[in-house]
Amino acid sequence: MAEQSCLAPTASPPRQVTAPHLGPMASPAPPGPQSHPRDKWSKKMDFLLSVIGFAVDLGNVWRFPYICYQNGGGKDTTRRHISAALGGTAVAAPNPQPACACQPAQGRGGHRCSAPRPAGAFLIPYTLMAVFGGVPLFYMELALGQFHRTGAIPIWKRICPIFKGIGFAICIIGLYVSFYYNTIIAWALYYFYSSFSGTLPWASCDNPWNTPACTNYFGRSNVTWTNFSRSPAEEFYTRKVLEIQKSGGLYDMGGVHWQLLLCLFLIFTIVYFSLWKGVKTSGKVVWVTATLPYVVLLVLLVRGATLPGAWRGVIFYLRPDWGKLLSTTVWVDAAAQIFFSLGPGFGVLLALASYNHFHNNCYRDALITSTVNCLTSFLSGFVIFTVLGYMAEMRDVEVEDVARDKGSPPSSTTALSWPGGDQLPLGSVCPSRLRGDGVMAGPGVCRGAGASAQEQFTGVEGSEVSGPCISARARHSCSGFGASSPRAFPPLPAPRAVPEQLGNGKPNQCPFLGPSLLFITYPEAIANMVGSTFFAIIFFLMMITLGLDSTFGGLEAVITAVMDEYPQVLAGRRELFVLGLITVCFLGSLSTLTYGGAYVVKLLEEFGAGCSILAVVLLETIAVSWFYGIQRFSHDVKAMLGFTPGMFWKVCWVAVSPALLAFVVISSLLDQPPLTLFDYQYPEWSFSVGYLIEASSFICIPFYMVYKLVWTPGSLKQVRSRVGDPAARARAGGGQGPPLGSAQDQGWGAGQMVDAA
């Protein structure tokens, strides 16, 4: 591929160049008044911990183990009855169920069922994707930020002005992420507060929010776990923390959960006072927030390794199935995970590196921090899977069945079922009697497949349900009453039903969404450990610190980008600007604090930072490697480090990494399964909203291109030269790069200072 170069012409005085190569030996400061020099990290470790804190987030603890989990499912042949070492007793094993590895489509949500795979097979493509895709882009962003010393928006004036829309898209995506990500941290804070009790509130079924479906199999004998059972931890999460039973879905979000509102307010208060003074304050905070999670992970790993059955989870985690490496899904999941985990494209690495000294060894930093990130994900897998093995031992089920979503809809339609074990033909009348409080009167209550415990009958005591056993809502239980007299509900299209191959009246299962590993599965195991209160406190404290680190990085990217773009307005007003930004993020998060807020969180997670951020990273890589020029970029790196990147890095930047990103983006666009959360099917109009959210960030890129071409004065040839004509720049600069010593072609704006670092 013929190399292209693209630099912005700006009117600026000549600048001294101290070496006979394209990259300057001294680093330019961002545009702005000379009275406000750019901040720098107080210590090298402040920068490293900030980058590690951003890259190592909640996704390392739940998304990586979850993707391993949903790409797992090798047959676990070690099922047996044992007595729980922590005071529990053996429980009756449920009838075996066929595993259904339901996988969320990256960037689109929903589930697609496929054959189970041992988790170890996922580690191989994950490692390869990290080496050839994630780490090269991580290195590229650190080098760009350190060389140009500016944020994600104004940096494009120096690289290729026509791609400046990428910077605006990055900021919009950062806002979308802050709208839902901090709500997840607020959930963790709520758990943290609830953990300060002698008995954890999710340890028993004796709480006001529990339903008759609540089943506590720890420490009890002769307990049968059915597909309609709900653990105390699950009901605490759904009915106490989220209170999702008070919402009818996106049509009926309900009021604001005031406890979560207070938690979110406290989270944003911490974020504000960590960021308001810049890297001088955030660099100190990360010494706690970035190191504490590793102490907690090691403590939890040691505790998990001593639990009975832990080895079963480890075997499930590490045992590979080489034949499954031929599955495209495994490679797509691996590529998406590594790109989302390391975080190129969010503007954070650009912002954090821009506060480095010019000759800082960003190459070594990239290798260290990306390796720490990947190893943390691998370590978190052991922490999670030892507990999954323990829970499988306690339930006497296979490891892959531990965290199945008992409310997920099955994949075929034959007959409806009820917990009694029998089946009814479609359209049959529900013969069961109900009590007025909506609680099941007996095992013969007719319910549709995939119904949840919360969606039980309501009506007059002793009345009969007359009408087809089909939900009045989309996919819930057969609701025969909503008034004082019986009435029949008309049949609804496409009722969910039970696969015939089960043969026992129980719906098929799919795993919970990933965050439930943190808010249901792991808390459930902790609640039944000796010293449960202590382990719960440190676990949720770890989650809070992991989330805060990523929030620091994400908002710092927006702050740096906007302040560097508008220095005349914002210079010296950082505290006020950060306050305004935090206020916008808090107000934007209010919809996620309603009783149906979990539905909004899922929608924003799938569309706010899904395919759009991957497409942004792809265009960023193309702009730097193909337009700015790989040789010019290599010279920039040499100016900072004293050596040129090797051929491996150049090939990855020019071809391999863009190809991997294009592969993930196209795969995500082609595979768009239904979007579901628990047993709620998102309505069709919600996808239109999601696509608008997704497009609202990415559309900045073509809009700015059109704006730049239309409003730049001069003839078409002159406009092309100014906004990015590679041929014109090559002629002006005598080949690759600008003329030596030309501050204009090197892209330094007027009023910039020379950094003597």
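Residues numbered from 1 in each chain as written. Predicted model: local features only at pLDDT ≥ 70, side-chain atom pairs only at ≥ 80, totals over all residues. Heavy atoms only, no water.

What to know about the overall build of the chain
In terms of helices and strands, the chain carries 25 helices and 10 strands. The buried share of the chain, taken over its 757 residues, is 63%. (Helix = DSSP H or I, 4+ residues; strand = E, 2+ residues; numbered from the N terminus. Buried < 20%, exposed > 50% of the residue type's maximum accessible area, 1.4 Å probe, protein only.)

A look at the pattern of salt bridges
Evaluated as defined, the whole model comprises 12 salt bridges. Linking Asp564 and Arg38 is a salt bridge whose minimum nitrogen-to-oxygen distance equals 3.0 Å. Of this pair, Asp564 sits in helix H15 (residues 532-565) while Arg38 sits in the loop between strand E1 (27-28) and helix H1 (44-55), and the two are 526 residues apart along the sequence. The same class applies to Asp564 as to Arg38, namely buried. The salt bridge involving Glu565 is made with Lys164; its shortest N-O contact spans 2.6 Å. Of the two residues, Glu565 sits in helix H15 while Lys164 sits in the loop between helix H4 (156-159) and helix H5 (165-194), which places them 401 residues apart along the sequence. Each member of the pair, Glu565 together with Lys164, is buried. (Salt bridge = Lys/Arg side-chain N within 4 Å of Asp/Glu carboxyl O.)

Some thoughts on the state of the cysteines
Under the counting rule described, the total for this entry stands at 1 disulfide. Covalent S-S linkage joins Cys205 and Cys214, the inter-sulfur distance amounting to 2.0 Å. Around the S-S axis, the bridge from Cys205 to Cys214 shows a dihedral of about -75° and counts as left-handed. Residue Cys214 is classed as buried on the basis of its relative accessible area, which comes to 11%. Cys171 provides the cysteine sulfur closest to Cys700, a residue in no disulfide bond, and the two sulfurs are 9.2 Å apart. (Disulfide = S-S within 2.5 Å.)

Regarding the side chain of Ser625
Inspection of the secondary structure assignment puts Ser625 in helix H19 (residues 611-641). Here Ser625 falls in the buried class, since its relative accessible area comes to 3%.

Quick word on H19
Taking 1.5 Å per residue as the helical rise, H19 with its 31 residues ought to reach 45 Å, whereas the 34 Å between its terminal C-alpha atoms falls clearly short. Most pronounced at Gly629, the bend in H19 amounts to some 100°. A positive phi of about 90° marks Gly642, the residue just after H19. (Expected span 1.5 Å × (residues − 1). Bend = angle between axes of the 7 residues up to and from the residue.)

Considering the packing of helix H14 (residues 516-526) against H15
Two numbers describe how H14 lies on H15: the axes approach to 9 Å, and their chain directions differ by 155°. Taken as axis vectors, H14 and H15 run roughly antiparallel relative to one another. As for the relative orientation of H14 and H15, their crossing is right-handed in sense. Between H14 and H15, the contacting residues are Leu518, Phe519, Tyr522, Pro523 and Ile526 on the first element and Ser532, Phe535, Ala536, Phe539, Phe540 and Met543 on the second. (Axes fitted to C-alpha atoms, helices over the stretch in contact; angles between N-to-C directions. Parallel < 35°, antiparallel > 145°, perpendicular 65-115°, else oblique. Left-handed = near helix turned anticlockwise from the far one by under 90°. Contact = heavy atoms within 4.5 Å.)

Notes on the environment of Pro674
Mapping Pro674 onto the fold places it in the loop between helix H20 (647-670) and strand E8 (676-677). On the accessibility criterion, Pro674 (44% relative accessible area) is partly exposed. Considered as a pair, Pro674 and Glu684 are 10 residues apart in the sequence and their alpha carbons are 9.2 Å apart.

Re the packing of aromatic side chains
Inspection of the entire model under this criterion finds 52 aromatic pairs. Where Tyr191 meets Phe236, the ring centres are 5.2 Å apart and the plane angle is 75°; that geometry is what we call edge-to-face. Taken as a pair, Tyr191 in helix H5 and Phe236 in helix H6 (residues 232-241) lie far apart in primary sequence, 45 residues in all. Take Tyr191 and Phe236: they sit in the same class, and that class is buried. (Phe/Tyr/Trp six-rings, centres within 6.5 Å; stacked < 30°, edge-to-face > 60°.)

A closer look at the nonpolar core
One finds Trp187, Phe519 and Phe633 to be the most contacted residues of the largest nonpolar core, which totals 194 residues. Excluding residues within four positions of it along the chain, Trp187 makes contact with Tyr237, Val241, Leu242, Leu260, Phe519, Ala598 and Val601. (Core = buried A, V, L, I, M, F, W, Y, C linked by side-chain atoms within 4.5 Å.)

A short note on the packing of helix H7 (residues 258-275) against helix H8 (residues 279-289)
The angle between the axes and the distance between the axes are what describe a pair of packed helices. Between H7 and H8, the shortest axis-to-axis distance is 6 Å and the interhelical angle comes to 125°. Taken together, the axes of H7 and H8 are oblique relative to one another. In this structure, H7 uses Phe273, Ser274 and Leu275 to contact H8, whose residues at the interface are Thr281, Ser282 and Val285. Taken together, the residues of the contact of H7 with H8 sort by class into 3 nonpolar, 3 polar and no charged. (Nonpolar A, V, L, I, M, F, W, Y, C, P; charged D, E, K, R; others polar.)

A word on the confidence of the model for the chain
Caution is warranted with low-pLDDT regions, since their predicted coordinates should not be read in detail. Scored by pLDDT, the chain has a mean of 73; 67% of the residues are at 70 or more. In the model of the chain, strand E10 (residues 754-755) stands out as the element of lowest mean pLDDT, 32, in contrast to H7, which has the highest, 96. Note on residues 1-5: pLDDT is under 50 here. Beyond four places in sequence and across chains, it has 19 contacts. Low confidence marks residues 7-35, where pLDDT is under 50. Its contacts with residues over four positions away, or in another chain, come to 101 contacts. (pLDDT = per-residue confidence, 0-100.)

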